[in-house]
Every structure is written in C-alpha cells, then in structure tokens.
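Structural overview for review
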Amino acid sequence: MKESANFITAALKKIRSNANARLIFYILVTLAVILAFLALPDKGIEFIYNNF
C-alpha cells in the first residue's frame, strides 16, 4: 500500500513539473469525464437536466 502511494506521489510530482505531461493529464481527465457522462443511460441524463 505504501509503495503504491509513493508511486502515485512520484507520478503526480512528475506531472506537475512537466508542462506537456500536465496538458496530457488534463486532456485525459477531461475525456474520462465526458465518456462517463456519455455512458449514462438516457434516463440518467434527463435526471440531471431536470434539476433533480
């Protein structure tokens, strides 16, 4: 568990220090959010648009 936390911390430090890596990271996060939204069923999207 501690090794995985150290790996994640090191990866995030490398992403923060490199502008190109940061840009790619933000693009991947944005795509993941968009794909998660598109994966919702139609009723889930209506639920969001109808203000709950």
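Residues numbered from 1 in each chain as written. Predicted model: local features only at pLDDT ≥ 70, side-chain atom pairs only at ≥ 80, totals over all residues. Heavy atoms only, no water.

Attention now moves to the overall build of the protein chain. From N to C terminus, the protein chain includes three helices and zero strands. Order of helices (α) and strands (β) in the protein chain, N terminus to C terminus: α-α-α. Classification of the 52 residues of the protein chain by burial places 4% in the buried group. Carbon and sulfur atoms form 69% of the exposed surface of the protein chain, whose accessible area is close to 4900 Å². (Helix = DSSP H or I, 4+ residues; strand = E, 2+ residues; numbered from the N terminus. Buried < 20%, exposed > 50% of the residue type's maximum accessible area, 1.4 Å probe, protein only. Areas by Shrake-Rupley, 256 points an atom, 1.4 Å probe, with all protein chains shown as cover.)

The interhelical angle for the contact between helix H1 (residues 2-17) and helix H2 (residues 19-38), taken along N-to-C directions, is 110°, at an axis separation of 5 Å. Considering their axes alone, H1 and H2 lie roughly perpendicular with respect to each other. Facing H1, whose interface residues are Ile15, Arg16 and Ser17, H2 presents Ala19, Ala21, Arg22 and Phe25. The class makeup of the residues in the contact of H1 with H2 is four nonpolar, one polar and two charged. (Axes fitted to C-alpha atoms, helices over the stretch in contact; angles between N-to-C directions. Parallel < 35°, antiparallel > 145°, perpendicular 65-115°, else oblique. Contact = heavy atoms within 4.5 Å. Nonpolar A, V, L, I, M, F, W, Y, C, P; charged D, E, K, R; others polar.)

Taken together, the side chains of Phe7, Ile8, Leu12, Phe25, Tyr26, Val29 and Val33 present a nonpolar region at the surface, about 670 Å² in accessible area. With four residues, H2 is the largest single contributor of residues to the nonpolar patch. (Patch = residues over 30% accessible without salt bridge, like charges linked within 9 Å, V, L, I, M, F, W, Y side chains within 5 Å. Salt bridge = Lys/Arg side-chain N within 4 Å of Asp/Glu carboxyl O.)

Bringing H2 into the picture now. Between its first and last C-alpha, H2 extends 29 Å over 20 residues, near the 28 Å set by a 1.5 Å rise per residue. Where H2 starts, the residue carrying a side-chain oxygen 3.2 Å from the main-chain nitrogen of Asn20 turns out to be Asn18. (Expected span 1.5 Å × (residues − 1). Polar contact = N/O pair within 3.5 Å; in protein donor to acceptor, adjacent residues only side chain to side chain.)

So, about the packing of aromatic side chains. Tallied over the entire structure, the rule returns one aromatic pair. With a centroid separation of 5.9 Å and an interplanar angle of 55°, the aromatic rings of Phe25 and Tyr26 are classed as tilted. Given a relative accessible area of 32%, Phe25 falls into the partly exposed group. (Phe/Tyr/Trp six-rings, centres within 6.5 Å; stacked < 30°, edge-to-face > 60°.)

Our next topic: the confidence of the model for the protein chain. Summarising the model, the protein chain shows a mean pLDDT of 81, and 77% of its residues fall at 70 or more. When mean pLDDT is compared element by element in the protein chain, H2 scores highest at 89, while helix H3 (residues 42-49) scores lowest at 61. (pLDDT = per-residue confidence, 0-100.)

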